[in-house]
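Residues per chain are reported as follows:
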Amino acid sequence: MNINTIKNDGVNINFGGEKEKSEQMAFDLIKAFLVAMFLIFITLLIIFPSFKSSFIILSVIPFSILGPIIGHFIIGINLNSQSMIGMLGLAGVIINDGIIMLDFLHHTRTKKDFFEKARLRVRPILITSITTMLGLFTLIFFPTGESVMLQPIAVSLGFGILWGTILNLIYVPALFATLFKIKD
């Protein structure tokens, strides 16, 4: 017998509603995330000729989830379905900075060339990330009226972009140098 079902004299009473909606939303978000990852992977394979490069960029996505979690903790709001939607969108945004970095590093083989090319990508990546964060600033820190409903999405995107920027500036080049054996 299901906990949510009461049977008495041929009458079935089912309690449902918000719990079922939440479970369905979680299932739909997981499906959307998997479809998004597959489409991003296919796109990366078109852009980059190797699986290694595609996996370097995709590997940033699981680590970028830490940013929204910390952001929600700092702001003092709970993770909810809107937060998850923001994290889903974050995956696409984080990939962009990784593509910018990796595309520039792709044909390097010496350490000197590697550091020079990585240094040249720092400024464009920082500028795009900072301007995006500034655009989300008021929605994150000063939501009013109905914009409170959008605050979890903005927190997920804003703090995720900040953390993802650090990952794309440090983790992606380090992983590239390791996998492609950049030498002196």
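This write-up is about the structure you can find in this document. (Residues numbered from 1 in each chain as written. Predicted model: local features only at pLDDT ≥ 70, side-chain atom pairs only at ≥ 80, totals over all residues. Heavy atoms only, no water.)

## Overview of the overall build of the protein chain
- Looking only at helices and strands, the protein chain features seven helices and two strands.
- Along the protein chain, helices (α) and strands (β) appear in the sequence β-β-α-α-α-α-α-α-α when read from the amino end.
- Taken over the C-alpha trace, the protein chain has a radius of gyration of 21 Å; the compact-globule value for 184 residues is 16 Å, which it surpasses by more than 25%.
- If you line up the protein chain on its principal axes, its C-alpha atoms span 80 × 40 × 25 Å. (Helix = DSSP H or I, 4+ residues; strand = E, 2+ residues; numbered from the N terminus. Rg over C-alpha atoms; globule rule 2.2 N^0.38 Å.)

## Focus on the nonpolar core
- If you look at the biggest cluster of nonpolar residues, it comprises 35 residues, and the most contacted ones within it are Leu44, Ile57, Leu58, Ile95, Leu102, Ile140 and Phe176.
- Counting only elements with at least two residues in this core, the list comes to helix H1 (18-47), helix H2 (51-58), helix H3 (60-64), helix H5 (81-105), helix H6 (111-141) and helix H7 (151-179).
- Broken down by element, the residue count for this core peaks at nine residues, all from H7.
- Filtering out sequence-adjacent residues up to four positions away, leucine 44 remains in contact with Ser54, Ile57, Leu58, Ile95 and Ile99. (Core = buried A, V, L, I, M, F, W, Y, C linked by side-chain atoms within 4.5 Å. Buried < 20%, exposed > 50% of the residue type's maximum accessible area, 1.4 Å probe, protein only. Contact = heavy atoms within 4.5 Å.)

## Details of the side chain of histidine 106
- Mapped onto the secondary structure, histidine 106 falls in the loop between H5 and H6.
- Excluding its chain neighbours within four sequence positions, the residues that come into contact with histidine 106 are Phe48, Pro49, Ser53 and Phe176.

## What about the packing of aromatic side chains?
- Summed over the entire model, instances satisfying the criterion amount to 10 aromatic pairs.
- Between the aromatic rings of phenylalanine 141 and phenylalanine 159, the centroid separation amounts to 6.3 Å while the plane-to-plane angle is 70°, which identifies the pairing as edge-to-face. One end of the pair, phenylalanine 141, is in helix H6; the other, phenylalanine 159, is in helix H7, and 18 residues separate them in sequence.
- Here phenylalanine 141 falls in the partly exposed class, since its relative accessible area comes to 33%.
- For lysine 52, the ring lying beneath its charged end belongs to phenylalanine 180, and the centroid distance is 5.1 Å. (Phe/Tyr/Trp six-rings, centres within 6.5 Å; stacked < 30°, edge-to-face > 60°. Lys NZ or Arg CZ within 6 Å of the ring centre and 35° of its normal.)

## Observations concerning H2
- The set of residues buried in H2 consists of Ser53, Ser54, Ile56, Ile57 and Leu58.
- In this structure, the buried residues of H2 make contact with H1, H3, H5 and H7.

## Concerning the layout of surface pockets
- Considering only enclosed or pocket space, the largest pocket measures out at about 350 Å³ in volume.
- In terms of lining residues, the largest pocket is bounded by Glu18, Lys21, Ser22, Met25, Ala26, Leu29, Ile30, Phe33, Ser81, Met84, Met87 and Leu88.
- Secondary structure elements with two or more residues in the lining of the largest pocket: H1 and H5.
- Among the elements that take part in the lining of the largest pocket, H1 stands out by supplying eight residues, more than any other. (1 Å grid on protein atoms, 1.4 Å probe; cavity = no way out; pocket = protein on both sides within 12 Å on 5 of 7 lines; lining within 4 Å. Points joined across faces, edges and corners; volume = space filled by probe spheres on them.)

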